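Listed below, chain by chain, are the residues.
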Amino acid sequence: MGLNILTVLYLIGSVSFILGLKMLSNPATARKGNLVAAFGMTVAIFGTIFLYQDDQGNKLGNYVWIFGGLLVGGVIGTLAAKKVKMTSMPEMVSLFNGMGGACAALISISEFKHLSIALGGDLLINSTDDYSSYQPTVLIIVLGLIIGSVSFAGSMIAWGKLNGKVKDFSFPGLNILTMILLAVAIGLGAWLVVDPSNTYLVYAILALALTYGVLFVMPIGGADMPVVISLLNSFTGVAAACGGFLYNNKVMLTGGILVGAAGTLLTILMCKAMNRSLLNVLIGSFGGNKNAAAAGSKEQGAYKEISLSDAAMVMSYANKVMIVPGYGLAVAQAQHICHELEKVLTEKGVEVKYAIHPVAGRMPGHMNVLLAEADVSYDILMEMEQANDEFKTTDVVLILGANDVVNPAAKNDPASPIYGMPILEVEQAKNVIVNKRSMKPGYAGIENDLFFQPKTSMLFGDAKKVLQDLVAEIKSV
Ligand code: NDP
């Protein structure tokens, strides 16, 4: 009876994951989608804790450990999520993803121990036994161990890179060394499957996979981190699915497969958005600063500035204004005053739209989340392709704290480290006003020719302050 109810609860959990994921793909339903998926996870967790029984009818027990862990993890997770700034969200995603990978690796280690005990306490004593019936289980254990450890170690390095504590690191032959490490880890894994009595191989595989995870992410440039995090996220999903196989737990399997598939699709979409292959991202060191220095030192012409009152005037008398939000808008927390500007302009009869680049900010969908928080209508958020069509008929583009995503070098300069990344082609508009605090480069560390073009004017200052002043000026025009 208990098992039947549990099966129904697992079904409810699985359906909630799928519905939640579907709702997450649209900013209008994303918040609800998150809650629906969280509900599914709660049902799955508590269903397992209270209703699961093994073949002998034993319940889980260990309630003090389980609820102690839930409490500690729940409190840390809640505080971290409440405290995190929107701009640090990718770091947190990376950290939490790493925890998922670590869980999968620990499950593999503990399940291998259980298997050893089931086989008589010490596999070494029985080294002449026939292990064929256990080999599929050992295969899943090895897969979970390798993938989970790589995901954990790689995510920790990605976390360190995003918060600036870990610097890019590479040396000639590093890619070959990492390939060899992975091949040896897989080779030892195959050996363990053939002969599970070699218990020490588990720890050798763990050490190799952790080292591989570190070295695999170390040389990848900062600007490629979102792709790497998404890829590691899909690894964690696959590792969790291995856990689902081990425990014959359908909801864990479904959840793992969904994360694995979603992470893989997001990785592919991001590579497409940058017009690069995944292999190029992983071994190309794009976004690393070795080319950036050269590009940054290129001689630039003069740039011109615009005063607040002139900017207010140009925008007030425009037919159409496109706002391009970037990372700086998020740092300045200027989304609400930006919405205010849009309303003031709209009241004056100006058509206002937003042009959203897929990797503007520091995580996929960053700008959509930010603008949704400020109640900006989804109807006026243009995706990159739509926006690029609209710029031709735009009088003023107002760039707010964006830099790399509007850098024409991505289109025109094959030597640029961001060459090939699709950009918002703002220079097609009649006028471009750029708000940032200085002439410093953005995330990729490279100069931006756009700032030196004749139709571009710089409006220096913190985005929030500038927008407050701009709104006041426009109201008085
Ligand atoms: P960039 O990082 O290229 O540029 C942001 C600009 O904002 C800076 O040049 C900075 O100039 C300016 N700025 C910073 N603070 C403020 C402020 N308070 N007020 C006004 N301006 C400010 O941002 P983009 O959004 O154009 O591009 C995103 C970059 O991040 C891309 O390279 C992308 O690949 C990368 N990335 C994207 C992720 C994603 O998934 N979206 C994840 C990780 C990286 P100044 O200092 O002069 O003010």
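Examining the overall build of the protein chain
Phase 1 of the analysis: Helix and strand counts for the protein chain come out as 18 helices and 6 strands.
Phase 2 of the analysis: Along the first, second and third principal axes, the C-alpha atoms of the protein chain reach 85 × 55 × 35 Å.
Phase 3 of the analysis: The buried share of the protein chain, reckoned over its 477 residues, is 47%.
Phase 4 of the analysis: In the protein chain, the share of contacts with a sequence separation of at least 24, taken over all contacts with a separation of at least 6, comes to 76%.
Phase 5 of the analysis: As displayed, the protein chain has an accessible area near 22700 Å², and 65% of this comes from carbon and sulfur atoms.
Phase 6 of the analysis: Distance between charge centres in the protein chain, computed from 32 positive and 34 negative side chains, equals 4 Å.

Remarks on the layout of surface pockets
Phase 1 of the analysis: Approximately 770 Å³ is the volume attributed to the second largest pocket.
Phase 2 of the analysis: Taken together, 40 residues line the second largest pocket, and the ones lying closest to its centre are Tyr327, Arg362, Gly401, Gly442 and Tyr443.
Phase 3 of the analysis: If you list the elements that add at least two residues to the lining of the second largest pocket, you get α8 (225–246), α13 (327–332) and β5 (431–436).
Phase 4 of the analysis: Element by element, the count of residues in the lining of the second largest pocket is highest for α13, at 4 residues.
Phase 5 of the analysis: Per-class residue counts for the lining of the second largest pocket are 24 nonpolar, 10 polar and 6 charged.
Phase 6 of the analysis: Residue-level mapping places the lining of the second largest pocket at the junction of two domains, with at least three residues from each of domain 1 (87–288) and domain 2 (300–476).

Concerning the site of the ligand
Phase 1 of the analysis: The full set close to the ligand counts 28 residues, and Asn403, Asp404, Arg437, Ser438 and Asp462 are the nearest of them.
Phase 2 of the analysis: Contacts to the ligand include Ala360, whose backbone N or O atom sits 3.4 Å from a nitrogen atom.
Phase 3 of the analysis: Ala463 is positioned such that a nitrogen or oxygen atom in its backbone is 2.9 Å from a nitrogen atom of the ligand.
Phase 4 of the analysis: For the ligand, the protein covers 97% of the area, taking 930 Å² as the surface of the free molecule.
Phase 5 of the analysis: When atoms are counted within 2 Å of each cavity's grid points, the one that captures over half of the ligand is the second largest pocket.
Phase 6 of the analysis: Of all the secondary structure elements, the ones that give two or more residues to the shell around the ligand are α13 and β5.
Phase 7 of the analysis: With 3 residues, α13 is the single largest residue contributor to the shell around the ligand.
Phase 8 of the analysis: Looking at the shell around the ligand residue by residue, the class counts come to 13 nonpolar, 9 polar and 6 charged.

Some words on the packing of aromatic side chains
Phase 1 of the analysis: The tally for this structure, following the rule as stated, stands at 9 aromatic pairs.
Phase 2 of the analysis: The interplanar angle of 15° and the centroid separation of 6.3 Å between the aromatic rings of Phe46 and Phe50 together place this pair among those described as stacked. With Phe46 and Phe50 both in helix α2 (residues 30–51) and 4 residues apart, this pair spans about one turn of that helix.
Phase 3 of the analysis: Exposure remark for Phe46: the relative accessible area of 35% places this residue in the partly exposed category.
Phase 4 of the analysis: Aromatic rings pair up to connect Phe46, Phe50, Tyr63 and Phe67 into one cluster.

A few points about α8
Phase 1 of the analysis: Across its 22 residues, α8 extends 31 Å between first and last C-alpha, which sits within 8% of the 32 Å expected from 1.5 Å per residue.
Phase 2 of the analysis: Of all 22 residues that make up α8, 16 are buried, and the element is covered over most of its length.

A few points about the confidence of the model for the protein chain
Phase 1 of the analysis: Here the protein chain averages 90 in pLDDT, and 93% of its residues register 70 or above.
Phase 2 of the analysis: Low pLDDT (under 50) marks residues 286–297, which in the prediction has 26 contacts with non-local residues, meaning those over four places away or in another chain.

What to know about unusual backbone geometry
Phase 1 of the analysis: Positive phi values are uncommon outside glycine, yet Asn248 reaches one of about 50°.
Phase 2 of the analysis: With respect to the element layout, Asn248 can be found in the loop between α8 and α9 (250–273).
Phase 3 of the analysis: Notably, Asp375 is not glycine yet its phi reads approximately 65°, a positive angle.
Phase 4 of the analysis: On the secondary structure map, Asp375 appears in the loop between α15 (366–373) and β3 (381–383).

A word on the nonpolar core
Nonpolar side chains in soluble globular proteins tend to end up buried together.
Phase 1 of the analysis: Ranked by size, the top nonpolar core spans 73 residues in total, and within it Val324, Leu341, Ile399, Leu467 and Leu470 carry the most contacts.
Phase 2 of the analysis: Examining the composition of this core, we find that 6 residues originate from one element, helix α18 (residues 463–476), more than from any other.
Phase 3 of the analysis: Counting residues domain by domain, this core receives three or more from each of domain 1 (87–288) and domain 2 (300–476).
Phase 4 of the analysis: Sequence-distant contacts of Val324, that is, excluding residues within four places in its chain, are made with Ala355, Phe391, Val397, Leu398, Ile399, Leu400, Ala402, Val406, Leu424 and Val426.

As for the pairing of strand β2 (residues 351–356)
Phase 1 of the analysis: Burial within β2 is extensive, with 5 of its 6 residues counted as buried.
Phase 2 of the analysis: Taken together, the 4 bridges between strand β1 (residues 320–325) and β2 define a ladder with parallel strand orientation. Paired with Ile323 across the two strands is Tyr354, which belongs to β2.
Phase 3 of the analysis: In this sheet, β3 lies alongside β2 in parallel orientation, the contact comprising 3 bridges. Its bridge partner being in β3, Tyr354 is matched across the sheet by Leu381.

Quick notes on the rules
Residues numbered from 1 in each chain as written. Predicted model: local features only at pLDDT ≥ 70, side-chain atom pairs only at ≥ 80, totals over all residues. Heavy atoms only, no water. Helix = DSSP H or I, 4+ residues; strand = E, 2+ residues; numbered from the N terminus. Buried < 20%, exposed > 50% of the residue type's maximum accessible area, 1.4 Å probe, protein only. Contact = heavy atoms within 4.5 Å. Areas by Shrake-Rupley, 256 points an atom, 1.4 Å probe, with all protein chains shown as cover. Lys, Arg positive; Asp, Glu negative; His and termini not counted. Charge placed at Lys NZ, Arg CZ, Asp CG, Glu CD. 1 Å grid on protein atoms, 1.4 Å probe; cavity = no way out; pocket = protein on both sides within 12 Å on 5 of 7 lines; lining within 4 Å. Points joined across faces, edges and corners; volume = space filled by probe spheres on them. Nonpolar A, V, L, I, M, F, W, Y, C, P; charged D, E, K, R; others polar. Domains from an automatic or database assignment. Near = heavy atom within 4 Å. Polar contact = N/O pair within 3.5 Å; in protein donor to acceptor, adjacent residues only side chain to side chain. Sits in = over half its atoms within 2 Å of the grid points. Phe/Tyr/Trp six-rings, centres within 6.5 Å; stacked < 30°, edge-to-face > 60°. Expected span 1.5 Å × (residues − 1). pLDDT = per-residue confidence, 0-100. Core = buried A, V, L, I, M, F, W, Y, C linked by side-chain atoms within 4.5 Å. Pairing = 2+ DSSP bridges.

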